[in-house]
Amino acid sequence: MNERSERTVQNGDAALSVKNLWKIFGRGADRIVGTPDAELSRAELKEKSGCVVGVRDVSFEVAPGEVFVVMGLSGSGKSTLVRCLTRLIEPTSGEIVVDGHDVVSASEAELRELRRTHASMVFQHFGLLPHRQVIDNVAYGLEVRGVGKKERRAKAEEIVGLVGLSGYERSYPDQLSGGMQQRVGLARALASDPSLLLFDEPFSALDPLIRRDMQNEVIRLHRELGKTMVFITHDLQEALKLGDRILIMRDGAVVQIGTPDEVVGAPADDYVKDFTSEVPRSHVLTLKWVMRDPRPGDSTDGPVMSSDTVVRRAAQAALASEHPVRVVDDGQLVGIVDDDAILRVVVAEEEVSA
Amino acid sequence: MTATIAPPRPQAGAEPPPPSEPRSLPRWAWALVVIGVWIVVWALTKGTDTLEIPVRVHTEVQQQLTDFRDSVLASRDTNPLIQFTYSLGGWFTDVVDWAQRMISIPDFPRPVPQIGWLGVTAIATWIGLAVAGWRIALLVGASFVSFGLFGYWSDSMDLLIVTFVAVVFSVLIGMPLAVWLGTSRRPWVVSMINTLLDIFQTMPTFVYLLPIVLFFGIGASAAVVCTLIYALPPIIRVAGHGIRNVSPTTIEATDAAGQTSFQRLRKVQLPMARKTIVVGLNQTIMAALSMATIAAYVDGPGLGKPVLSALFKNDVGGAFVPGMLIVVMAVMLDRTTTAASEASERAARGQVDLRLRRIVLAVTAVGALVAVWASRTYISLAEFPETSWGPTLAGWVDDFTEWFTDTFRGATDWFKNLISDYLLNPLQSLIAESPWYVTATAILLLAFVFGRARALLPTVICLAGLRYFGLWHDSMITLTMTLVGTLLVMILAVVFGVWMARRASVDLMLRPVLDAGQTIPPFVYLIPMLALFGPTRFTAIVAGVVYAAPVAIKLVADGVRGVSPTTLEASRSTGATTWQEITKVQLPMSRSSLVLAANQGLLYVLAMAVIGGMVGAGALGYDVVLGFSRSEEWGKGAAAGISIVLIGIMVDRICRAAAHDEAVTHDATRRPRWRAALGG
């Protein structure tokens, strides 16, 4: 486990905890985990047994209220992973605990209960019911739970307002734009008031501008409702924008788990480095990543900032001052940032984008 | 297909690799070789060992079949299976009988049915209004009045009753199977049901009749049972397909909301598949209507009866009027179900003022009830007054037919003789007048040439079966008619199909005509052809061509249109002419549709060649008809029925084997286009 996650998740109070999760597709898949075959690469295993590894020995924990982003290219197993969390795809082995409920060993009825009340999901292609009005789509989760018509419609009405769709309650999904349809999908997930929201590439099918709106919408909802979120995406910008922490997957396995600045500042390997090479680093990196240890002769007149200030925000003040920035955490001087260090981040970025 | 398998990229500077296969003759050249040898052998051996048997003679196998029938009939009181089928049949008869006494025949001691024509028309019109709106209500009302005006009120009601009863049971039996087909996660269930449905759809309608008569007797019970069996496959296949094809994303999304599997079915799968289910229902109704008319052969009540007896007498005018009413009924049922589905869509979307609708329906319901009361009270409103419309129209048709045939005798005879002299007769002579072992060998070789090894086994079995049941000569004549008919169908299909695919305006114009053509029961096609060509085998062939053409044309048109526009654009950019574009790109790339069209054409023409048995087509169709009418010929009729099935299976298997590169599979993703085009 990453040191960072130990900081955010205290023992036992995780909203979601996944341990050694495996998903292997194909005949006889359940006999592979734990044998030497499991160590084979995807291609080799496919060759040998005809089975395909979707998720390989994944473990992580998500703290209550955290936005946890899983990111990877297509085929990396991220969508399989999120479906395993509520067993829309049956995991091959491992342990999943949501709100203290063991998902893997749950019976059919317990699983339904979990899906109805604890975890909701938003899908890439919306998955709305075309024959129902927006209001009844939103109320669907309550309906299958057995909530009376009046009550569930009232609740749905409220949620429709929350996602900014007031006035469209009586519309049918095909009368709405893609962005609005996904708002319906979001409302449907929120209606049953789950503690955990799962997003499977929810904005990939949308135009860039609408996507940005929807991302901001998610940020707003997260601020207002404080739900725990697991967010799947293949878009690094999106991951960095939304995620408290990011899990990077490749070929079904975890490559790195870390905060945005950790992923950009200290990529675990060349794959992640390659991935993050085009990110505007000044937007992500904090002073922690550019500061040097203080030396006795340093000026003490420079502006004071904390180590988690993003470089871009620090840049103007730092460059305006003739003295280097003093990085202070908890009243303790932890480092110094020269103009050079800031310029190196900003200029390197210009070169990349040029 | 071989073009898609890319050879390994040659090394720079290396010699180009030699062709991987030794050059061999193309399939058509081999076929010509086989046919050439066949013709030579035929010239030497013609007329020997043709296995022709006189009309009233039967072979031992056929006699055994008759004996089997007799033993089944004799065991009627002891055999539990027969007792079961007879009591089931009796129950169907009771249901039909009750309905008949309600609306079609006098319910003793009343001199008239319980509800007279005015009441029935009013109720039907009201139902049309309720399910599909006022336009359909007008259509329904006018149709019902026309049934009476032309003097076929009770026959029309009987046909409706048989159709309706069969459809109700088809839906009761078919929907659970469709749900099973649509929701089963076991691949073997899907492939098993699909295979069964394929077999049923390969069987010409006629073939159901004889065994059904054995187990259910003749009359209303046999009519309901054979109609039920024939109408069952569309609803299972189409509805099952619709349920299976509900968007998996939506299923997953709603599963994630924690629904039970019953909630999934009721709230997601069935509503989302509703449109397709209604299409299946529509096809089931049309199939039921078409079979219910053919059930006249087993003394089933309905409009088929007057058509049949007139056809037997070559009375074109007499067949025309009830035939026309069958078409009226087909159009009425087709339009009503289609419009009903559209109307329910609108209602579900809240585009209908419910309050107004309720008021209108309540008021009109009162009107309908008054009409029912009146029709029970006044005799003239109960029994449709006699009119001279029917006989008058029949007379006009006869006059017109006479004038037409007199005037165009030259043209029709020229066409008939052209096809007969240059295609039909030589081919029939070759196929039927060669010694049976020569023909069998030739068919086998051709099957191998076209279908390779996978066509061999079914062909051998079918040929052996044809030989065993002792109607070899008749079978070969029927096969010849089928092949000639199919050739004509394919010419039509390619010409019109390509035309439709290339010009949207042509498509727009022809498609409704073709759709309408598909709703008409096959029986009806015989009437105008009989007028044109008289009672000959040619009549049956042309009727078969007309019957099969809509399906084949639509299949070819859809196939050609399915050719990727990018490929077309690429070919155009190299400067291909229109002709080159059609022959080198569009037709080769839609080969699977062409094969499928030929396959369907064969089966449709075969079905018609059999139905046409009694208007001069002779051969197997006549044997079957004889089997119905003469007790001692039952075995021969049954043998003829089995032979028809064997021919159908044989040509079907050879076609499929020939096309197996782009195999017609049970792959659900490939099914919809051609199934939709088939209308089944």
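Residues numbered from 1 in each chain as written. Chains lettered and ligands numbered in written order. Predicted model: local features only at pLDDT ≥ 70, side-chain atom pairs only at ≥ 80, totals over all residues.

A closer look at the overall build of chain B
Inference 1: A count of helical and extended segments in chain B gives 28 helices and zero strands.
Inference 2: The C-alpha radius of gyration computed for chain B amounts to 27 Å, which stays within 12% of the reference 26 Å derived for 680 residues, consistent with globular compactness.
Inference 3: Taken over the C-alpha atoms alone, chain B extends approximately 95 × 70 × 60 Å along its principal axes.
Inference 4: Within the span of chain B, comprising 680 residues, buried residues form 47% of the whole.
Inference 5: Counted over contacts in chain B with a minimum sequence separation of 6, partners at least 24 positions apart contribute 79%. (Helix = DSSP H or I, 4+ residues; strand = E, 2+ residues; numbered from the N terminus. Rg over C-alpha atoms; globule rule 2.2 N^0.38 Å. Buried ≥ 20, exposed ≤ 12 C-beta atoms within 10 Å, placed from the backbone. Contact = placed C-beta atoms within 7 Å.)

Topic: the sheet that holds strand S13 (residues 332–337) of chain A
Residue and element names in this part refer to chain A.
Inference 1: Spatial strand order, S11-S12-S13: three strands in an open sheet with mixed pairing. Looking at which strands have only one partner, the edges of the open sheet turn out to be strand S11 (304–305) and S13.
Inference 2: In this sheet, strand S12 (residues 325–329) lies alongside S11 in parallel orientation, the contact comprising two bridges. Note that in S12 the partner of valine 304 across the bridge is arginine 326. (Pairing = 2+ DSSP bridges.)

With respect to the interface of chain B and chain A
The accessible area lost on association of the parts is a frequent measure of interface size.
Inference 1: Between chain B and chain A, the residue contacts involve 17 residues of the former and 20 residues of the latter.
Inference 2: Those elements that provide at least two residues to the side of chain B that touches chain A are helix H10 (248–255) and helix H11 (261–272) of chain B.
Inference 3: Top element by residues in the side of chain B that touches chain A is H10(B). It accounts for six residues.

With respect to the sheet that holds strand S5 (residues 101–102) of chain A
Residue and element names in this part refer to chain A.
Inference 1: Strand order in the open sheet formed by four strands is S2-S1-S4-S5, with antiparallel pairing between adjacent strands. With one partner strand each, in any of the chains shown, strand S2 (52–62) and S5 form the two edges of the open sheet.
Inference 2: In this sheet, S2 lies alongside strand S1 (residues 16–25) in antiparallel orientation, the contact comprising seven bridges. Along S2, the bridge assignment pairs leucine 16 with valine 62.

Notes on the UniProt feature "domain: ABC transmembrane type-1" (unreviewed entry) in chain B
Inference 1: The positions that UniProt labels "domain: ABC transmembrane type-1" (unreviewed entry) are, in the present scheme, residues 156–337 and 475–655 of chain B.
Inference 2: Annotation note: span residues 475–655 of chain B, helix share 86%, strand share 0%, distance between end C-alpha atoms 19 Å. (UniProt positions renumbered as here; feature names shortened; annotations may be inferred.)

Some points on helix H20 (residues 504–519) of chain B
Residues and elements named next belong to chain B.
Inference 1: In this model, H20 (16 residues) spans 23 Å end to end at C-alpha, consistent with the 22 Å of a helix rising 1.5 Å per residue.
Inference 2: When the local axis directions of H20 are compared, the greatest deviation, roughly 30°, occurs at leucine 510, which is followed within four positions by the proline proline 512.
Inference 3: What H20 keeps buried is the set Leu510, Leu514, Gln518 and Thr519. (Expected span 1.5 Å × (residues − 1). Bend = angle between axes of the 7 residues up to and from the residue.)

Quick word on the packing of helix H25 (residues 591–611) of chain B against helix H27 (residues 634–658) of chain B
Residues and elements named next belong to chain B.
Inference 1: Viewed as axis vectors pointing N to C, H25 and H27 meet at an angle of 170°, and their least axial separation amounts to 9 Å. Compared by their axis directions, H25 and H27 come out roughly antiparallel. Facing H25, whose interface residues are Val595, Ala598, Asn599, Leu602, Leu603, Leu606 and Val610, H27 presents Ile644, Ile647, Gly648, Val651, Asp652, Cys655 and Ala658.
Inference 2: When its residues are assigned to classes, the contact of H25 with H27 shows 11 nonpolar, two polar and one charged. (Axes fitted to C-alpha atoms, helices over the stretch in contact; angles between N-to-C directions. Parallel < 35°, antiparallel > 145°, perpendicular 65-115°, else oblique. Nonpolar A, V, L, I, M, F, W, Y, C, P; charged D, E, K, R; others polar.)

Thoughts on the domain arrangement of chain A
Residue and element names in this part refer to chain A.
Inference 1: We note that the domain assignment places domain 1 (3–118 + 194–278) and domain 2 (282–353) within chain A.
Inference 2: Residue-level contacts link seven residues of domain 1 with five residues of domain 2.
Inference 3: Looking at which element gives the most residues to the side of domain 1 that touches domain 2, the answer is helix H11 (residues 260–265), with four residues.
Inference 4: Here the residues of the side of domain 1 that touches domain 2 sort into three nonpolar, two polar and two charged. (Domains from an automatic or database assignment.)

Examining unusual backbone geometry
All names here are of chain A.
Inference 1: Phi at aspartate 99 takes a positive value of approximately 55°, unusual for a residue other than glycine.
Inference 2: For aspartate 251, which is not glycine, the phi dihedral falls at a positive 50°.
Inference 3: Looking at the element boundaries, aspartate 251 is found in the loop between strand S9 (245–250) and strand S10 (253–258).

A short note on helix H2 (residues 60–74) of chain B
Inference 1: Taking 1.5 Å of rise per residue, the 15 residues of H2(B) would be expected to cover 21 Å, and the 20 Å separating its terminal C-alpha atoms lies within 8% of that figure.
Inference 2: Looking at the packing, one finds that the buried side of H2(B) touches helix H8 (206–216) and H27 of chain B.

Description of the nonpolar core
Residues and elements named next belong to chain B.
Inference 1: Of all hydrophobic cores here, the largest spans 300 residues; its most connected members are Val162, Ala295 and Ala552.
Inference 2: Considering each element in turn, this core owes the most residues, 17 residues, to helix H22 (residues 537–561).
Inference 3: Look past the residues within four positions of valine 162 in its chain and what remains in contact with it is Val96, Ala220, Ala223, Val224, Thr227, Ala292, Ala295, Gly300, Pro301 and Gly302. (Core = buried A, V, L, I, M, F, W, Y, C linked by C-beta atoms within 7 Å.)

Observations regarding the packing of helix H18 (residues 436–468) of chain B against H27(B)
All names here are of chain B.
Inference 1: Where H18 contacts H27, the axes come no closer than 8 Å and their chain directions differ by 170°. If you check the angle between H18 and H27, you find them roughly antiparallel. Only Ser643, Leu646, Ile649, Met650, Arg653, Ile654, Ala657 and Ala658 of H27 make contact with H18, whose side of the interface consists of Ala447, Phe450, Gly451, Arg452, Arg454, Ala455, Pro458, Thr459, Cys462, Gly465 and Leu466.
Inference 2: Partitioned by chemical class, the residues of the contact of H18 with H27 number 12 nonpolar, four polar and three charged.

Description of the environment of Ile212(B)
Residue and element names in this part refer to chain B.
Inference 1: Looking at where isoleucine 212 falls in the secondary structure, it is placed in helix H8.
Inference 2: Classification of isoleucine 212 as buried rests on a count of 24 C-beta atoms within 10 Å.
Inference 3: Along the primary structure isoleucine 212 and threonine 85 are separated by 127 residues, whereas in three dimensions their C-alpha atoms are 9.5 Å apart.
Inference 4: When neighbours within four sequence positions are excluded, isoleucine 212 is seen to be in contact with Ala222, Val225 and Cys226.

Comments concerning the confidence of the model for chain B
All names here are of chain B.
Inference 1: The predicted model of chain B has a mean per-residue pLDDT of 83, with 93% of residues at 70 or higher.
Inference 2: The secondary structure element of chain B with the lowest average pLDDT is helix H28 (residues 671–678), at 40, and the one with the highest is helix H6 (residues 153–183), at 93.
Inference 3: Low pLDDT, under 50, characterises residues 1–14; the stretch is placed with four contacts to residues that sit more than four places away or in other chains.
Inference 4: Here the prediction assigns the complex a pTM of 0.80, and the interface score ipTM is 0.78. (pLDDT = per-residue confidence, 0-100.)

Here we look at the pairing of S10(A)
All names here are of chain A.
Inference 1: Here S9 runs beside S10; their pairing, made up of five bridges, is antiparallel. Its bridge partner being in S10, isoleucine 248 is matched across the sheet by glutamine 256.
Inference 2: Where S9 hands over to S10, the hairpin turn is made up of two residues, of which aspartate 251 adopts a positive phi near 50°.

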